[in-house]
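Residue strings, one per chain:
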Amino acid sequence: MSVLGELNELHLEVVSRVSASFDGFVAVEDTKAIEELFRLFPIMQKHELGLEKYGKYLAKKIGGKVESQFSLISSTQPSDKPNVHVALVTYLLELVAQTIQVNESVIHDSYGGDSLLKFVRFIQSQCDHHAELIFMDFKEKHEVAIVLQSARHELLINNRSSTFVSSGVGQILFNARIELYLNFLRRRFLVSSKENILWSQVDIVTRLRSYFFLSHFLREANAEHG
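- Going by what an unreviewed UniProt entry lists, the protein chain is known as COG4 transport protein middle alpha-helical bundle domain-containing protein and is assigned to Hydatigena taeniaeformis.

### Focus: the overall build of the protein chain
Phase 1: Each helix and strand counted, the protein chain has nine helices and zero strands in total.
Phase 2: Taken over 226 residues, the protein chain has a buried fraction of 42%.
Phase 3: Contacts in the protein chain between residues at least 24 apart in sequence constitute 70% of all its contacts with a sequence separation of at least 6.

### Looking at the pattern of salt bridges
Phase 1: A complete count under the given rule lists five salt bridges for this structure.
Phase 2: In this structure, Lys118 and Glu48 form a salt bridge, with 3.8 Å as the shortest nitrogen-oxygen distance. Here the residue Lys118 occupies a position in helix α5 (residues 115-141), and Glu48 occupies one in helix α3 (residues 47-73), the gap between them amounting to 70 residues.
Phase 3: When its relative accessible area of 37% is taken as the criterion, Lys118 is described as partly exposed.
Phase 4: Note on Glu48: relative accessible area 35%, which makes it partly exposed.
Phase 5: Between Glu48 and Arg121 there is a salt bridge whose closest N-O contact spans 2.7 Å. A residue pair is termed long-range when its members are at least 10 positions apart, and Glu48 in helix α3 and Arg121 in helix α5 qualify at 73 residues.
Phase 6: In this structure Arg121 comes out as partly exposed when scored by relative accessible area, which is 30%.

### Description of the packing of helix α4 (residues 84-111) against α5
Phase 1: Their axes nearest at 10 Å, the elements α4 and α5 cross at an angle of 175°. What the angle tells us is that α4 and α5 run roughly antiparallel. Between α4, through His85, Leu88, Val89, Leu92, Leu93, Val96, Thr99, Ile100, Asn103, Glu104, Ile107 and Tyr111, and α5, the contact on the second element is made entirely by Ser115, Leu116, Phe119, Val120, Ile123, Cys127, His130, Ala131, Ile134, Asp137, Phe138 and Lys141.
Phase 2: The residue makeup of the contact of α4 with α5, split by class, is 16 nonpolar, five polar and three charged.

### Here's the deal with the nonpolar core
Phase 1: Ranked by size, the top nonpolar core spans 45 residues in total, and within it Tyr54, Leu92, Val96, Ile100, Ile107 and Phe119 carry the most contacts.
Phase 2: Of all the secondary-structure elements, those providing two or more residues to this core are α1 (3-27), α2 (31-38), α3, α4, α5 and α7 (173-192).
Phase 3: With 13 residues, the top contributor of residues to this core is α4.
Phase 4: Residues within four places of Ile100 in sequence aside, it is in contact with Leu116, Phe119, Val120, Tyr181, Phe184 and Leu185.

### Structural notes on a nonpolar patch on the surface
Phase 1: A cluster of nonpolar residues, Val3, Leu7, Leu10 and Val14, forms a patch on the protein surface that exposes about 370 Å² of accessible area.
Phase 2: Assignment of secondary structure puts Leu10 in helix α1.

### Here's the deal with unusual backbone geometry
Across residues other than glycine, the phi torsion is negative in most instances, and most of the peptide bonds are trans.
Phase 1: You will see that Glu29, though not glycine, has its phi angle at about 60°, which is positive.
Phase 2: With respect to the secondary-structure elements, Glu29 resides in the loop between α1 and α2.
Phase 3: Classification of Glu29 by relative accessible area gives partly exposed; the value is 46%.
Phase 4: For Gln45, which is not glycine, the phi dihedral falls at a positive 60°.
Phase 5: Assignment of secondary structure puts Gln45 in the loop between α2 and α3.

How each quantity is defined
Residues numbered from 1 in each chain as written. Predicted model: local features only at pLDDT ≥ 70, side-chain atom pairs only at ≥ 80, totals over all residues. Heavy atoms only, no water. Helix = DSSP H or I, 4+ residues; strand = E, 2+ residues; numbered from the N terminus. Buried < 20%, exposed > 50% of the residue type's maximum accessible area, 1.4 Å probe, protein only. Contact = heavy atoms within 4.5 Å. Salt bridge = Lys/Arg side-chain N within 4 Å of Asp/Glu carboxyl O. Axes fitted to C-alpha atoms, helices over the stretch in contact; angles between N-to-C directions. Parallel < 35°, antiparallel > 145°, perpendicular 65-115°, else oblique. Nonpolar A, V, L, I, M, F, W, Y, C, P; charged D, E, K, R; others polar. Core = buried A, V, L, I, M, F, W, Y, C linked by side-chain atoms within 4.5 Å. Patch = residues over 30% accessible without salt bridge, like charges linked within 9 Å, V, L, I, M, F, W, Y side chains within 5 Å. Areas by Shrake-Rupley, 256 points an atom, 1.4 Å probe, with all protein chains shown as cover.

Rendered as structure tokens:
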């Protein structure tokens, strides 16, 4: 076997061992070791693998926290706590935003600026899943048409700006939370993408919306009752 072939085999073996070690530390919740191994993947030229494994690990942690709260509200009647679903979506988005904010510096330094979007993609799938469950539970327990009408009436009376409200959905609190979250991500990606002149603000917003699907369910609800 040539020297190049031997080096390639050695590289694959190192990647396999680091990957297995990462999974082992995830199983025992060794946060420090997990974070240290996360920094090794780009050194091994395995950027995508590192982002995927670390992103899914953090997404699972976020999911566990949200699931414990969702199990409580799923048995709650709307009359008891009318805004509990909005509060849970807010909690979910805040957890994701905090996770991104805490990790963005190491991702930028070790993986490169454009890697932040890839990292968010892995976390976002978990976020979308739980956001969908929350909204569908909300939809079952509330008359969405009444909520939309009430939100429009409130905005009209208070003369509030509709900056955070999607034109396809109407004035609803869920969408306001989503827009705030998207604005947070937009600011992060505009900073991290300065090194790449091919990324325009429109590109970033389009990619963000392609990773966040709750608006789809809100548009459906508005179409049904609009």
